[in-house]
Amino acid sequence: MNKNEQINKNQNRIIAFSIFAIAMMLTIIPFPEFITHYMPDWGLMALIFLSINLPKEFNLSTAFFVGLITDVIKGTILGQHTLSSLIIVFATTKYHLQLRSFTKIQLLANILLLSILYHFILFWVNGVAGVSSSLESYWAPIIGNFIAWPIINEILSKYFIYNTPKKEV
Amino acid sequence: MVAKKDDHSRPRIPALTSKFLFFVILSAFMLINDQRNDYLSLLRNSIAIAIYPLQSLVEAPSRISNWIEKRVVSREMLIEENKNLQDQEKINLITLQRYASLEQENMRLRRILDAADRLNHEVEIARIISTNSNPYRHTITINKGIQDGVFEGQVLLDADGVLGQILHSNFLTSEGILISDADHAIPVQINRNGLRTIAVGNGSFSKLNIPYIPNNADIEIGDLFVTSGFGGKFPSGYPVAEVESIISDPAEQFLTVSAKPIAQLNQVRELMLLRTASDE
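Residues numbered from 1 in each chain as written. Chains lettered and ligands numbered in written order. Predicted model: local features only at pLDDT ≥ 70, side-chain atom pairs only at ≥ 80, totals over all residues.

Asks: I keep staring at the overall build of chain A and nothing clicks. Help me out?
Replies: Helix and strand counts for chain A stand at 8 helices and 0 strands. In sequence order, chain A lays out its α and β elements as α-α-α-α-α-α-α-α. The long-range fraction of contacts in chain A, counting pairs at least 24 apart against all pairs at least 6 apart in sequence, stands at 66%. (Helix = DSSP H or I, 4+ residues; strand = E, 2+ residues; numbered from the N terminus. Contact = placed C-beta atoms within 7 Å.)

Asks: Which parts of the structure should I look at to understand the interface of chain B and chain A?
Replies: Frequently, the measure chosen for interface size is the accessible area removed from exposure when the parts meet. In this complex, chain B contributes 44 residues to the contact, which on the side of chain A involves 53 residues. Contributing elements (two or more residues each) for the side of chain B that touches chain A: α1 (16-34), α2 (41-50), α3 (52-73) and β1 (123-131) of chain B. With 10 residues, the top contributor of residues to the side of chain B that touches chain A is α1 of chain B. The class makeup of the residues in the side of chain B that touches chain A is 23 nonpolar, 11 polar and 10 charged. (Nonpolar A, V, L, I, M, F, W, Y, C, P; charged D, E, K, R; others polar.)

Asks: What am I meant to see in the environment of Asn110 of chain A here?
Replies: Residues and elements named next belong to chain A. Within the secondary structure, Asn110 sits in helix α7 (residues 104-129). Residue Asn110 is classed as partly exposed on the basis of its C-beta count, with 19 C-beta atoms lying within 10 Å. Note: C-alpha distance between Asn110 and Leu99 (11 residues apart in sequence) is 8.4 Å. With near-sequence residues (within four places) excluded, Asn110 lies in contact with Leu99 and Phe102. (Buried ≥ 20, exposed ≤ 12 C-beta atoms within 10 Å, placed from the backbone.)

Asks: Would you mind going over α1 of chain B with me for this structure?
Replies: In an α-helix, one full turn covers 3.6 residues, which means residues spaced three or four apart are oriented alike. Over its 19 residues, α1 of chain B runs 27 Å from end to end, which matches the ideal 27 Å to within 8%, given 1.5 Å per residue. Looking only at α1 of chain B, the buried set comprises Phe20, Phe23, Ser27, Met30 and Asp34 of chain B. Seen from one end, α1 of chain B has its buried residues packed into an arc of 90 degrees, which puts them on one side. The exposed residues of α1 of chain B that point more than 90 degrees off its buried face are Thr17, Ser18 and Ile25 of chain B. Those residues of α1 of chain B hidden inside the fold are in contact with α4 (60-74) and α5 (80-94) of chain A. (Expected span 1.5 Å × (residues − 1). Arc of directions from axis to C-beta.)

This is the structure in structure tokens:
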């Protein structure tokens, strides 16, 4: 039993690590100019998914590191993406049971709200630090997140199957 | 491979709120310190080194295709020779840029005595490995870092003109800011008559704003802006932009001038780092 748990934990770590690596690579890849505005926040999507589904293993410390790496990749002020990821992941971890019980549409509505909050914090930090940004860079990724989440959720859920026996719940 | 979801028997995550407070304080600390001082450069450097493999992985497909293309077209010797010649050509072009502006200087009989020894600027070729995905931050990452002698404020050029400068230099890579970034300004002068001003980026690759030209100034469409050498960052005489439009509104104190950058800001893959710092 304990051994099985250990194996599962390691497996989870490997899968999660590769998910984050892919998310970071997607963040680095340059896309054509007309679409760059609308690129979803891959790191945030991965963080939300993992913190809802594996909150004990991936919560705030993961959010901290992923946010920090995003800061370095995007060349923003260190701590900007970190802070906003932390706040989002705090919410998703705290309410992961509620979020799991939501229907897909409800979950999507929540993701929309969370990404608005995420970008509001980024926007706000930019404003305080005097970094100029456009209005489009604020709302366009939110649309990207809204479109990308169902796909990301579908793909990750498929390869990230939950096989907790129902009677043990 | 299949991962297993947490069981629901113990849904509470231990010490979530205190962890949250701890990390929020930590990131607030970083936010406050990052722009003010240099304490966090080590952190930035180490993360940059850690993600270097990912960056090279992302860049690998285009590099492999380039490589195959070269192999198919010609033999190894030819490739090597061709590459050296291309590099040499770029260096020559840079020197030529300087000659054009010096010639102008001579024509106006304003040659400065020490102009001759400002000709020999050494350059080093670097490759862009990634660009910023945020359209309002025109920053790029290049494949040379502190290890190769890249320093903060170093000038970036392409074959045609000034591209920008180095923002941070990490150990293996460096981050550069382009002249079109909305937070970037570069001191320039009109090559024809020496009128000094500042060219400010506005987030568009094809346009720079020249905000402080008085209404009665001598400026025409097609005038070339070259770096003026003031401000201590950019050496003088490198082409920056060409005047594209001039709008004069008598109610305003200044003309609305926009200029087109000479360098191919969003098309270059290889760029040049000027070895020497400013010459003033």
